[in-house]
Amino acid sequence: MKLLFVTSEMHPLAKTGGLGDVSHALPLALHHEGLDVRVLLPGYRSVLSQLKQVEPVCTLDALAALQPQARLLSAQLPGTRLPLFVLDCPALYDRPGTPYQSPAGEDWEDNPQRFGVLCHAAAWLGGPRSTLPWHPDVVHCNDWQAGLVPALFKLQEGSGARTVTTIHNLAFQGNFDPAWVSRLELPAYSFHMHGVEFYGRLSFLKAGINYADKITTVSPRYAQEIQTPAFGCGLEGLLQHRRGDLSGILNGIDSAWNPGRDPALPARFDARHLIPGKAQNKALLQRALGLKQDPAVPLLGMVTRLTYQKGIDLLLEALPELMRLPLQLAILGSGEAEMERRLLTAGTTYPARLSVTRAFDENLSHRIIAGSDLFLMPSRFEPCGLAQMYAMAYGTPPVARSTGGLADTITDCTPETLSDKTATGFLFENPDAAALVTAVRRALETYAVKKSWRPLQRSGMTRDFSWSRAARQYLQVYQTL
Ligand code: ADP
């Protein structure tokens, strides 16, 4: 079986969040399982500058109406033998900023074109017009940026590969002005509520859900949640309608996230040799962040986008109460300007106890996850979440809201789960500041009892969060097609 994996980001070439991690690890895991998989991604500036030995494959004349000039390049993911197709179109992708936004933090106005063209390139590769010898049997489309691919197969190509759409986050839908329907060469008749139309706009994600042969999302709990009005973002009806083709597959974590051989850490450790290494990471982290150097005080870490989804408003509301507890808090994040500003202000109010770093810093993220005693994730919703799994693997039990993948990956600490050594963290139900503070108090009480705490850390560190488990589940989905 041949698989084309279409994505708008891929660590380490381009990453803004979990999709970048998944698009790195899942194709690699599938490659290791023996699948003939190739990844298609846009040739952003950061992608082309990191790739070695890039070969031109063809020019995409078929897309000429959509953009000035596009070429397909082939390369390999650095340090691996995983083949990549890179869509080279400097007019669309050779820009500063993130894959989606300008350096000023604004979405690029031509995003529908930037990702529409990506979808057209994928549809060409998997459709009857392709002149390449390599033809995918299945195209795996990730998030709204690849959402038009299944629609193009059904509406334009007339035939082509089978498709899987994976929803990494239903809140990002790629909804645009209806003028894009004709500009992106979608047939006018597809613009209706059973097609690509969503409340008067062209919706890339709705197209992806509507026309895909199979739909997956990144945890079983989220697969259920998105069929309800509270989490469905208006698409719950369609998702209920397609529930027979919808499944939830938990993400894994990349094997590079291993505290025993993580080059970002000043000291390495593992489940059997935990204490001195972890303590050293904590001491150096406290020093680097300007926190009081105290080995006894529990240090809570957060590495996150600063958005409503991540419950940053709940944290801000809980902060005065949290700061009355004997703890320190280290936050690394970037995102909405108002949340950044309020957190930075709070950081100046409690200088030795609250550190706020406004940045996207891969190296520091590893050191916070390793050096903290607890990891905070008060998300309002969380399709899967990776950071809580990294934290468990690094002996840093999470305190998290019981939703989506957080509920599926964390075993709440109760007298029963403590005694049978399955507890890995602390969950709270209600999305409010009081519930968050109560869960932190509960975690601090357990932290104080070292004969409970060490087994809790070790049980998270020895969980199987491997991608090979997830890759086998995806293979089963492809095989049903
Ligand atoms: P999401 O994809 O919703 O942002 P996930 O938990 O699935 O959330 O994945 C987030 C990924 O991005 C993790 O690898 C996390 O460590 C990383 N990350 C988020 N914010 C930052 C940051 N400011 N600096 C470094 N890494 C970050």
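Since the structure is predicted, the reported quantities are computational estimates derived from the model, not experimental observations.

Colleague: Explain the site of the ligand to me, using residue names and the numbers behind them.
Modeller: The environment of the ligand is formed by 19 residues, the closest being Gly-18, Asp-21, Arg-305, Lys-310 and Ala-359. The side chain of Lys-15 places a nitrogen or oxygen atom 3.2 Å from an oxygen atom of the ligand. One of the side-chain N or O atoms of Arg-305 is found 2.8 Å from an oxygen atom in the ligand. At the level of elements, helix 1 (18-32), strand 13 (299-306), strand 14 (328-335) and helix 14 (387-393) are the ones that each hand at least two residues to the shell around the ligand. Take the shell around the ligand: its biggest share by element is three residues, from strand 13. Within the shell around the ligand, the residues separate by chemical class into seven nonpolar, six polar and six charged. Both of domain 1 (2-252 + 467-480) and domain 2 (275-461) provide at least three residues apiece to the shell around the ligand.

Colleague: Would you mind going over the nonpolar core in detail, with residue names and values included?
Modeller: Membership of the largest hydrophobic core comes to 96 residues, with the highest contact counts inside it found for Leu-40, Leu-72 and Leu-87. In terms of residues, this core owes the most to one element, helix 4 (residues 111-126), which gives nine residues. Ignoring any residue separated from it by four or fewer positions in sequence, one finds Leu-87 in contact with Leu-40, Leu-41, Pro-42, Gly-43, Leu-60, Ala-70, Arg-71, Leu-72, Tyr-93, Val-117, Leu-118 and Ala-121. With 38 residues, the next largest nonpolar core counts Ile-331, Leu-354, Val-399 and Val-437 among its residues.

Colleague: Give me the lowdown on the sheet that holds strand 1 (residues 2-6), citing residues and values where you can.
Modeller: Within the open sheet, the nine strands sit side by side as 3-4-5-2-1-6-7-11-12. Their pairing is mixed. Strands at the two margins of the open sheet, each flanked by one partner only, are strand 3 (55-59) and strand 12 (246-248). Each strand axis lies, on average, 25° off the axis of its neighbour in the sheet, ignoring direction. Direction of pairing for strand 4 (residues 71-76) relative to strand 5 (residues 83-88): antiparallel, over a ladder of six bridges. By the bridge assignment for strand 5, Arg-71 is matched with Asp-88. Relative to strand 7 (residues 162-167), helix 7 (residues 204-211) is tilted by about 130°, and along the sheet it contacts strand 7 and strand 11 (214-217).

Colleague: I'd like a description of the state of the cysteines, backed by residues and values.
Modeller: By definition, a disulfide is the covalent link that joins the sulfur atoms of two cysteine residues. Enumeration according to the criterion identifies zero disulfides in this entry. Unpaired in this structure, Cys-384 has its nearest cysteine sulfur neighbour in Cys-233, at a distance of 17 Å. Look at Cys-384 and you get buried, because its relative accessible area is 2%.

Colleague: Tell me about the pairing of strand 15 (residues 354-358), and please be specific about residues and values.
Modeller: Relative to strand 15, strand 14 runs parallel, the two being bridged by five bridges. Bridged to Ile-331 within strand 15 is Val-356. Following the backbone out of strand 14, through helix 12 (residues 337-349) and into the adjacent parallel strand 15, one traces a crossover that is right-handed.

Colleague: So what's going on with the packing of aromatic side chains? Which residues, and what values?
Modeller: Taken as a whole and assessed by the stated rule, the structure comprises 14 aromatic pairs. Judged by centre distance (5.8 Å) and plane angle (50°), the rings of Tyr-100 and Phe-115 are tilted. One end of the pair, Tyr-100, is in the loop between helix 3 (90-93) and helix 4; the other, Phe-115, is in helix 4, with 15 residues separating them in the sequence. Of the two residues, Tyr-100 and Phe-115, neither departs from the other in class, the shared state being buried. Within the aromatic cluster, the residues linked to one another by ring pairs are Tyr-100, Phe-115, Trp-144, Phe-176 and Phe-204. Sitting over the ring of Trp-108, Arg-95 keeps its end group 4.8 Å from the ring centre. Sitting over the face of the ring of Tyr-447, Lys-450 holds its NZ or CZ atom 3.6 Å from the ring centroid.

Colleague: Please give an account of the domain arrangement of the protein that cites residues and values.
Modeller: Examined at the domain level, the protein breaks down into domain 1 (2-252 + 467-480) and domain 2 (275-461). Distance between the C-alpha centres of domain 1 and domain 2: 32 Å. Taken together, the contact between domain 1 and domain 2 spans 19 residues of the former and 18 residues of the latter. Here domain 1 is connected to domain 2 by one salt bridge. Run the count over domain 1 and domain 2 and you get seven residue pairs in polar contact (both at pLDDT 80 or more). At the level of secondary structure, the elements contributing two or more residues to the side of domain 1 that touches domain 2 comprise helix 1 and helix 8 (220-225). In terms of residue count, helix 8 provides more of the side of domain 1 that touches domain 2 than any other element does, four residues in total.

Colleague: How would you summarise unusual backbone geometry if you had to cite specific residues and measurements?
Modeller: Outside of glycine, negative phi angles account for most residues, and trans bonds account for most peptide bonds. For the bond running from His-11 to Pro-12, omega is 0°, close enough to zero to count as cis. Positionally, Pro-12 belongs in the loop between strand 1 and helix 1. Located in the positive-phi region is Tyr-199, a residue other than glycine, with phi close to 50°. On the secondary structure map, Tyr-199 appears in the loop between strand 9 (197-198) and strand 10 (201-203). By relative accessible area, Tyr-199 is classed as exposed at 69%. Located in the positive-phi region is Lys-421, a residue other than glycine, with phi close to 60°. Residue position: Lys-421 is located in the loop between helix 16 (415-419) and strand 18 (426-428). Judged by relative accessible area, Lys-421 falls into the exposed class, the value being 54%.

Parameters and conventions
- Residues numbered from 1 in each chain as written.
- Predicted model: local features only at pLDDT ≥ 70, side-chain atom pairs only at ≥ 80, totals over all residues.
- Heavy atoms only, no water.
- Near = heavy atom within 4 Å.
- Polar contact = N/O pair within 3.5 Å; in protein donor to acceptor, adjacent residues only side chain to side chain.
- Helix = DSSP H or I, 4+ residues; strand = E, 2+ residues; numbered from the N terminus.
- Nonpolar A, V, L, I, M, F, W, Y, C, P; charged D, E, K, R; others polar.
- Domains from an automatic or database assignment.
- Core = buried A, V, L, I, M, F, W, Y, C linked by side-chain atoms within 4.5 Å.
- Buried < 20%, exposed > 50% of the residue type's maximum accessible area, 1.4 Å probe, protein only.
- Contact = heavy atoms within 4.5 Å.
- Pairing = 2+ DSSP bridges.
- Axes fitted to C-alpha atoms, helices over the stretch in contact; angles between N-to-C directions.
- Disulfide = S-S within 2.5 Å.
- Right-handed = clockwise from strand over helix to strand, strands pointing away.
- Phe/Tyr/Trp six-rings, centres within 6.5 Å; stacked < 30°, edge-to-face > 60°.
- Lys NZ or Arg CZ within 6 Å of the ring centre and 35° of its normal.
- Salt bridge = Lys/Arg side-chain N within 4 Å of Asp/Glu carboxyl O.

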